[in-house]
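Architecture and fold: a report
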Amino acid sequence: VISDTVKTIDNYFIKLCQNIEGVYFGASVERISFISFSLGYGENFSTVEVSDANPYYSDNGGCIVDMRTKTLVLAGKDAVIPADGSVEVIGMRAFHNHDMEQIVIPEGVKIIDRSAFMNCLNLKSVVLPASLEELWPHAFAHCDSLEVFDLNGFTYLPESVLWWSPN
């Protein structure tokens, strides 16, 4: 539990905490570093929640979303990317080390940041939305099982999507 007095969650906040099961962010959290949770939590890490009184972050579909930038900053174990327009960016390392086999990125997502799905070792299939404008380098780094990217019915091999932009 991150109390209501904490404003910043900095780098490596959770490091080598293999038994942590979830995190609750209090009402005063203003900033969550993109690598606060990217190392060290174990397979039991599943829930992420934010106080309803927090004006900056919300929890939606098992995801922590920065409402100011519409950035998904952290995803719990069984997270589903909200398809309600609240997410336009999947942030750096948001799904780091997740155990998913496939992901369908909903319409409205415009940017997938670098390392967003890094080390998702079982990820085989990614369906990208037509709204996607930028897919940053290494967004799917070390996703060793990755077989296919699908964008509007067009299939790309993983090595052809090291960096992609529709422009």
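Cut-offs applied
Residues numbered from 1 in each chain as written. Predicted model: local features only at pLDDT ≥ 70, side-chain atom pairs only at ≥ 80, totals over all residues. Heavy atoms only, no water. Helix = DSSP H or I, 4+ residues; strand = E, 2+ residues; numbered from the N terminus. Buried < 20%, exposed > 50% of the residue type's maximum accessible area, 1.4 Å probe, protein only. Contact = heavy atoms within 4.5 Å. Areas by Shrake-Rupley, 256 points an atom, 1.4 Å probe, with all protein chains shown as cover. Core = buried A, V, L, I, M, F, W, Y, C linked by side-chain atoms within 4.5 Å. pLDDT = per-residue confidence, 0-100. Phe/Tyr/Trp six-rings, centres within 6.5 Å; stacked < 30°, edge-to-face > 60°. Pairing = 2+ DSSP bridges. Salt bridge = Lys/Arg side-chain N within 4 Å of Asp/Glu carboxyl O.

**Digging into the overall build of the chain**
- When you go through the chain residue by residue, the secondary structure sums to zero helices and 14 strands.
- Along the chain, helices and strands appear, N-terminal first, in the series β-β-β-β-β-β-β-β-β-β-β-β-β-β.
- With 167 residues in all, the chain has 44% of them scored as buried.
- Partitioning the contacts of the chain with sequence separation of at least 6, the portion at a separation of at least 24 is 34%.
- Looking at the chain as shown, the accessible area adds up to about 8600 Å², and 50% of this sits on carbon and sulfur atoms.

**Description of the nonpolar core**
- Core analysis: the biggest nonpolar cluster contains 29 residues, and I90, F95, I112, F117 and F140 have the highest contact counts within it.
- For this core, the elements supplying multiple residues, two or more each, are β6 (63-66), β7 (71-75), β11 (125-128) and β13 (148-151).
- In contact with F117, not counting residues within four places along its chain, are I90, F95, M100, I103, I105, I112, A139, F140, A141 and C143.
- Core analysis: the next-biggest nonpolar cluster, separate from the first, contains 12 residues, I2, V29, V48 and I64 among them.

**Quick notes on the confidence of the model for the chain**
- On average, residues of the chain score 80 in pLDDT, and 74% of them reach the 70 mark or higher.
- Ranking the elements of the chain by mean pLDDT puts strand β14 (residues 154-156) last, at 63, and strand β8 (residues 89-90) first, at 96.

**Some words on the packing of aromatic side chains**
- Within this structure, the stated rule accounts for two aromatic pairs.
- Measuring from ring centre to ring centre gives 4.8 Å for F95 and F117, while their planes differ by 15 degrees; the resulting arrangement is stacked. Of the two residues, F95 is situated in the loop between β8 and β9 (102-104) and F117 in the loop between β10 (111-112) and β11; the sequence distance between them amounts to 22 residues. Across the pair, exposure class does not vary: F95 and F117 are buried alike.

**Some words on unusual backbone geometry**
- Backbone geometry places K70, a non-glycine residue, at a positive phi of 55 degrees.
- Looking at where K70 falls in the secondary structure, it is placed in the loop between β6 and β7.
- Notably, N119 is not glycine yet its phi reads approximately 65 degrees, a positive angle.
- When you line up the elements, N119 lands in the loop between β10 and β11.

**With respect to the sheet that holds β8**
- The mixed open sheet is built from six strands, whose spatial order is β5-β6-β7-β8-β10-β12. With one partner strand each, in any of the chains shown, β5 (57-60) and β12 (134-135) form the two edges of the open sheet.
- As paired elements, β10 and β12 share two bridges and run parallel to each other. Following the sheet pairing, I112 is matched in β12 by L135.

**Some remarks on the environment of F95**
- By relative accessible area, F95 is classed as buried at 1%.
- Separated by 20 residues in sequence, F95 and S115 place their C-alpha atoms 8.5 Å apart.
- Residues within four places of F95 in sequence aside, it is in contact with L72, A75, A79, I81, I90, M100, A116, F117, M118 and C120.

**Quick look at the pattern of salt bridges**
- This structure, assessed with the given rule, holds three salt bridges.
- A salt bridge links R68 to D66; its shortest N-O distance comes to 3.0 Å.
- By relative accessible area, D66 is classed as buried at 9%.
- Between R114 and D113 there is a salt bridge whose closest N-O contact spans 3.8 Å.

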